[in-house]
Each structure stands twice: as C-alpha cells, then as structure tokens.
Amino acid sequence: MDQSRAHRIVVVGAGYVGLTTGACLASLGHHVVCCDVDAGKVAQLSRGQVRIHEPGLPELVREGIRVGRLSFTRCAASVVPTADEIFLCVPTPMAPDGGANLAAVESVIRQIRAALPAGCVLVTKSTVPVGTTARLAELVGRGDVAVVSNPEFLREGLAVQDFLHPDRIVLGSDDPDAAYRVAELYTDLDAPTLVTDAASAEMVKYAANCFLATKLSYVNDVAELCEQVGADVAGITEYLAHDRRITPSFLRPGPGWGGSCLPKDTAALLRTAEVVGVDLPLVRAAIDANHRHQRRMAAKVVAACGGSLAGTRLGLLGLTFKAGTDDLRDSPALAVARLLAEQGAELVGYDPALRGDEPELAHLVTLVDDAYHAAKGTAALVLLTDWPEFRDLDWSRVAELAARPVVVDTRNHLDPAALRRAGLDWHGTGRPSRVR
Ligand SMILES: NC(=O)c1ccc[n+]([C@@H]2O[C@H](COP(=O)([O-])OP(=O)(O)OC[C@H]3O[C@@H](n4cnc5c(N)ncnc54)[C@H](O)[C@@H]3O)[C@@H](O)[C@H]2O)c1
Ligand SMILES: O=c1ccn([C@@H]2O[C@H](COP(=O)(O)OP(=O)(O)O[C@H]3O[C@H](CO)[C@@H](O)[C@H](O)[C@H]3O)[C@@H](O)[C@H]2O)c(=O)[nH]1
C-alpha cells in the first residue's frame, strides 16, 4: 500500500477478533497498536507468540512486528492520542438477563475518552445490541469524535481468511463521513461494502447469527424426525443443498450449535426484542431446540450403552465447540459431556487442540494424548467435534481397545462402512444404523 494511505490504528482487546483485526490491518499496510488488559498476553504477543489456534495468524503477527507496523501494549490511553481510528474488540458476554454485558466496552471508553484526539473515529467491532453505538457516542461525550459500528463476521478457525476475504463489510454511523473513512481501511479487500445507519449495522450482525442458529436447529430437528421415520438426513441435506435459495452451508446436523457467539447473540436478540415488546418465537424455539438436541445426543449414548451409564467409562473424541479451534466457550461437546457425567459416566477425552490444563475440563473429562487412549476400556466412543483426523483412525485398533464395540457419531462425521468392517456398531444422527 502507498504509505500516504496508511492509517494509525489502535485495537483494544487482543483476542480472536482484536488480534486478527490488528494483524490483518497491519498486513494491509496500516500502523497498528493492539492493547489488552492481560499483561501476560501482551508480553507473549510482543515476542510474536500467539496462543490461540488460528491458521495464518502467528505468521501475520510476526511479520507485522518485523516490519514495525504491529506492536502491543497494556495501556490504551497512552497510545490513543495519535490514533486515526480506535477499534473496540473487547468481550460482550451474556448478562444474567440474556442481554449483552457491555461492562468491558464502557470501561474502555471511560479509560480513553479524555485522551482521544479530535477528529478520530471510535469503531465498535465487538458485537453490541442495537442502540449501543449511539449510547457509546453519548458516553464519549465529544462532538469531535465519531462512533462507527463495524460488526465482524469472521468464523473462528478461519479468522484470517474471513477477515481478508469477507462476504461483506458493514459500516453504520449517524456520521456517514466517519463511516466512509473507516471504509478506506478496507479498500484493498474485494468485498461489497455496505454503509448504513448505526442501528441497522448492529442489527445485521444479530440477524445473521440468529439466522444461522435457526437454520442449524431446523436441520437438527429434521435429523431427529428422520430417525423416527427411517429417513436418511445425509441424503436429505444433500438434496436441499442443490436448491440455490437454501445454500449448502450450515446444513450438517450435530450435537447442537455452540461457541462464543451463537448462544449469546441469540439470547441477546431475544432480550432486545423483549425490551421493545416484540416477540421472537422462532429464535426462542431455535434456542430451546438446541438444548433438546444436546439432551437427545446424551440419550442416544445412554441407549447405545444399554440404558445406563452408571459405572461406565466413555471415550470422547473432540471437546471444542467445532473443529479448527481451541475454543471451549459454550461448547456443545462439553454440554453433552456434562449430561453424561450427571448419569454416572467416567469421561476420558481427546482433542487435538487442547493441552489438558483448561479449567473447563476440570472435574469433567480426563484428557489423554490420542484417540486410542480415549478408546481404551470404554463402553462407547462418542464423537462430538468433527476434527478431520478422526476419519482416519485405525478402527480395528479401536475395536481391540474398547470394552464394547460401540461408536456414537453425533456429527455423522465417520465412514460407517469402515467402522462396520472393523466390527464396530456405528450410531449416527438422523440416519438408519445400516446406511450404505
Ligand atoms: N470470536 C469470534 O469468532 C467473534 C466473531 C465476531 C465478533 N465477535 C465479537 O467480538 C468481541 C470480542 O470477541 P473475542 O472472541 O475476540 O473475545 P476474546 O475473549 O477472544 O478477546 C477479548 C480480549 O479483550 C481483552 N479485554 C477484556 N477487557 C478489556 C479491557 N477493558 N481493555 C482491554 N482489553 C480487554 C481480553 O483480555 C481478551 O484478550 C465480542 O463482542 C464478540 O461477540 C467475536
Ligand atoms: O453445518 C454446521 C455448521 C456449524 N455447526 C455448529 O455451529 C456452531 C457455530 O459454528 P460457526 O458459525 O462456524 O462458529 P463461529 O466461529 O462461532 O462463527 C459464528 O459466530 C461468529 C461470531 O459472531 C460470526 O462472526 C460467524 O459469522 C458465525 O458463523 C458450532 O458449534 C458448529 O459445530 C453445525 O453443527 N453444523
């Protein structure tokens, strides 16, 4: 990039979104400082050490540091005075009433507002409910500082790819000039850029995540019905995918949807609607169905184990909320694991992205070094996360190690014929057990 077009950017919050935003904007030629309250993380990142599992991100971070366009600090207030744009990428977790907890966003603004230079733009990339960007502008309380909503749509595990090749860029502000200025940051990306008002930009993010969650709950409902009527959900989703209005993505049934976004964003949209007196029965049904499908998967394991889990050992394959990430936040795999543990099962698990010291696993699952250790002496092996390497296991070895020849595949990820050849009973979801 011609350096006269380079902006000076501060990113607050160096997690999945903030670090990706910072490293990618630096790779596009901008000068970026990432700030985080976590001193240990700042120290590691300053040395080029990235602790989250995101393909391509460590390389981008190290290159940004090497060329002098990316640095890290704990103190946002010390670096904002020279910034053109300040991106807020801090967490907005679920509050007790289902809404988004904006404490981190508001605390950052209180901390930096006096140091903001005249003419800078504050950009909300954190997912925030409709109306928040306008409220934050009031909290900033500076006529010379604009606030722009720029929701992020990246998926974990594909963060760098999604940031650099987005389906769309959405910018919303009551100050269109400020929105167009933020759009300049992305001019080298090949994506439709939509400039709108702040409320609409905020709403697009929630509408997208709730649509995806609803689509998944519907597919899992279809899988449940298939089981009862003897139809095969795999063929059905394949034929659905041929319809260009439906699209092939988000049609894979599983143990329910999870992660750091869909659960909290569906709840937050319901809360937003409740506050303004609008009922969203479809979104509520999608959330309820999701919990039902987690319980259905646990019941499937109980049935495959002969009706009781008391005193049984189960092996779990995959614990993260999906393949390609090390994130355990709201993982459906852990939700199913908890239901199994409540019924007396002892749980042993393997996940290629985990080290075993994750607090979420404590008192729930003993992590072992590979899938074969997870299979040893188990009444059933339960696949919960669709890591590609699980497809290539030596199923004869699994059959020898397991106490009973049972595999419950909650994501229809494995080849049933390969398992059957090894003498294993395969139980999928929404599929007859004797599939071709
Ligand atoms: N993870 C995703 O896939 C994704 C995608 C799109 C949007 N979002 C949204 O982006 C936001 C951030 O999500 P994330 O997954 O990157 O979170 P994260 O937990 O991975 O990272 C947040 C970072 O912010 C830091 N932080 C917290 N409070 C701070 C403060 N007061 N000052 C400075 N740093 C602070 C934390 O230490 C952490 O490093 C959320 O609103 C989320 O909904 C997430
Ligand atoms: O066919 C599918 C697709 C997904 N899932 C599950 O759905 C959940 C969410 O998956 P995904 O959407 O890929 O995860 P995230 O990385 O959390 O990304 C979502 O949440 C982000 C945060 O808001 C958004 O930016 C992304 O656009 C949105 O896809 C996971 O449990 C997946 O296993 C399925 O069960 N079947």
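Everything here concerns the structure above.
Residues numbered from 1 in each chain as written. Chains lettered and ligands numbered in written order. Predicted model: local features only at pLDDT ≥ 70, side-chain atom pairs only at ≥ 80, totals over all residues. Heavy atoms only, no water.

(A) Main features of the packing of helix α5 (residues 103-112) against helix α6 (residues 132-140). Two numbers describe how α5 lies on α6: the axes approach to 10 Å, and their chain directions differ by 30°. Taken together, α5 and α6 sit at an angle that is classed as roughly parallel. Remark: the crossing between α5 and α6 carries right-handed chirality. Contacts between α5 and α6 involve V105, E106, I109 and R110 from the former and R135, L136, L139 and V140 from the latter. Residue composition of the contact of α5 with α6, grouped by class: 5 nonpolar, no polar and 3 charged. (Axes fitted to C-alpha atoms, helices over the stretch in contact; angles between N-to-C directions. Helix = DSSP H or I, 4+ residues; strand = E, 2+ residues; numbered from the N terminus. Parallel < 35°, antiparallel > 145°, perpendicular 65-115°, else oblique. Left-handed = near helix turned anticlockwise from the far one by under 90°. Contact = heavy atoms within 4.5 Å. Nonpolar A, V, L, I, M, F, W, Y, C, P; charged D, E, K, R; others polar.)

(B) Here's a closer look at the pattern of salt bridges. Tallied over the full model, the rule gives 23 salt bridges. For R329, the salt bridge is made with E156, and the minimal N-O distance between the two is 3.6 Å. Within this pair, whereas R329 is found in the loop between β9 (313-317) and α13 (332-342), its partner E156 is found in the loop between β6 (146-149) and α7 (159-164), the two being separated by 173 residues in sequence. Where D327 meets R329, a salt bridge forms, and the shortest distance between an N and an O atom there is 3.0 Å. (Salt bridge = Lys/Arg side-chain N within 4 Å of Asp/Glu carboxyl O.)

(C) Main features of the nonpolar core. Among the nonpolar cores identified, the biggest contains 37 residues, and L25, F87, V182 and Y186 are the most heavily contacted of them. For this core, the element with the highest residue contribution is helix α1 (residues 16-27), accounting for 5 residues. With residues near it in sequence (within four places) discarded, V182 still touches E85, F87, V121, V123, V148, N150 and L171. Ranked by size, the runner-up nonpolar core spans 28 residues in total, among them A304, L347, L354 and V365. (Core = buried A, V, L, I, M, F, W, Y, C linked by side-chain atoms within 4.5 Å. Buried < 20%, exposed > 50% of the residue type's maximum accessible area, 1.4 Å probe, protein only.)

(D) A look at the environment of D221. In this fold, D221 is placed in helix α9 (residues 198-229). For D221, a relative accessible area of 29% puts it in the partly exposed group. For the pair formed by D221 and Y239, sequence separation is 18 residues and the distance between their alpha carbons is 17 Å.

(E) Local environment of the sheet that holds β9. Taken together, 6 strands build an open sheet; the order of strands is β11-β10-β9-β12-β13-β14 and the sheet is parallel. This sheet does not close on itself; its edge strands, each paired only once, are β11 (366-367) and β14 (425-427). Sheet topology places strand β10 (residues 346-350) next to β11; 2 bridges connect them, and they run parallel. Across the sheet, residue G349 finds its bridge partner in β11, namely L367. (Pairing = 2+ DSSP bridges.)

(F) Highlighting the packing of aromatic side chains. Taken as a whole, this structure holds 2 aromatic pairs when the rule is applied. Between F163 and Y186, the ring centres sit 6.1 Å apart and the planes meet at 55°, which makes this aromatic pair tilted. Remark: Y186 occurs in the loop between α8 (176-184) and β8 (193-196) and F163 occurs in helix α7; sequence separation between them is 23 residues. Both residues of the pair, F163 and Y186, count as buried. Each ring, one from Y350 and one from F390, has its centre 6.1 Å from the other, and the planes form 65°; the classification is edge-to-face. Of the two residues, Y350 is situated in strand β10 and F390 in the loop between β12 (380-383) and α15 (395-401); the sequence distance between them amounts to 40 residues. Owing to a relative accessible area of 0%, F390 belongs among the buried residues under this scheme. The cationic tip of R168 hangs over the ring face of F153; the distance from NZ or CZ to the ring centre is 3.8 Å. (Phe/Tyr/Trp six-rings, centres within 6.5 Å; stacked < 30°, edge-to-face > 60°. Lys NZ or Arg CZ within 6 Å of the ring centre and 35° of its normal.)

(G) Spatial organisation of the pairing of β6. Of the two faces of β6, both are covered, the one formed by A146 and V148 as well as the one formed by V147 and S149. Bridge count between strand β5 (residues 121-124) and β6: 4 bridges; the pairing is parallel. Of the residues in β6, the one forming a bridge with L122 is V147. For the crossover from β5 across α6 to β6, the handedness is right-handed. (Right-handed = clockwise from strand over helix to strand, strands pointing away.)

(H) Structural detail: the packing of helix α11 (residues 262-275) against helix α12 (residues 281-304). Contact geometry for α11 and α12: axes closest at 10 Å, N-to-C directions at 145°. Between α11 and α12 the crossing geometry is left-handed. Here T266, A267 and L270 of α11 come into contact with α12, specifically with V283, R284 and I287. Per-class residue counts for the contact of α11 with α12 are 4 nonpolar, 1 polar and 1 charged.

(I) Representation of the site of ligand 1. Taken together, 26 residues surround ligand 1, and among them V17, D36, K41, T92 and K264 come closest. Taking D36, its side chain carries an N or O atom lying 2.6 Å from an oxygen atom of ligand 1. Alone, ligand 1 offers 830 Å² of accessible surface; in the complex the protein occludes 88% of this. Breaking the shell around ligand 1 down by element, the ones donating at least two residues are α1 and α5. (Near = heavy atom within 4 Å. Polar contact = N/O pair within 3.5 Å; in protein donor to acceptor, adjacent residues only side chain to side chain. Areas by Shrake-Rupley, 256 points an atom, 1.4 Å probe, with all protein chains shown as cover.)

(J) Geometry of the site of ligand 2. Neighbouring ligand 2 are 21 residues, the closest being F153, L154, E156, K205 and C261. The contact in question runs from an oxygen atom of ligand 2 to an N or O atom on the backbone of L251, over 3.4 Å. Burial of ligand 2 by the protein amounts to 94% of the accessible area it has alone, namely 700 Å². Where the shell around ligand 2 is concerned, the elements lending two or more residues are α9 and α11. Broken down by element, the residue count for the shell around ligand 2 peaks at 4 residues, all from α9. Of the residues contributing to the shell around ligand 2, the split by class is 11 nonpolar, 2 polar and 8 charged. There are two domains that each give the shell around ligand 2 at least three residues, and those are domain 1 (3-195) and domain 2 (197-436). (Domains from an automatic or database assignment.)

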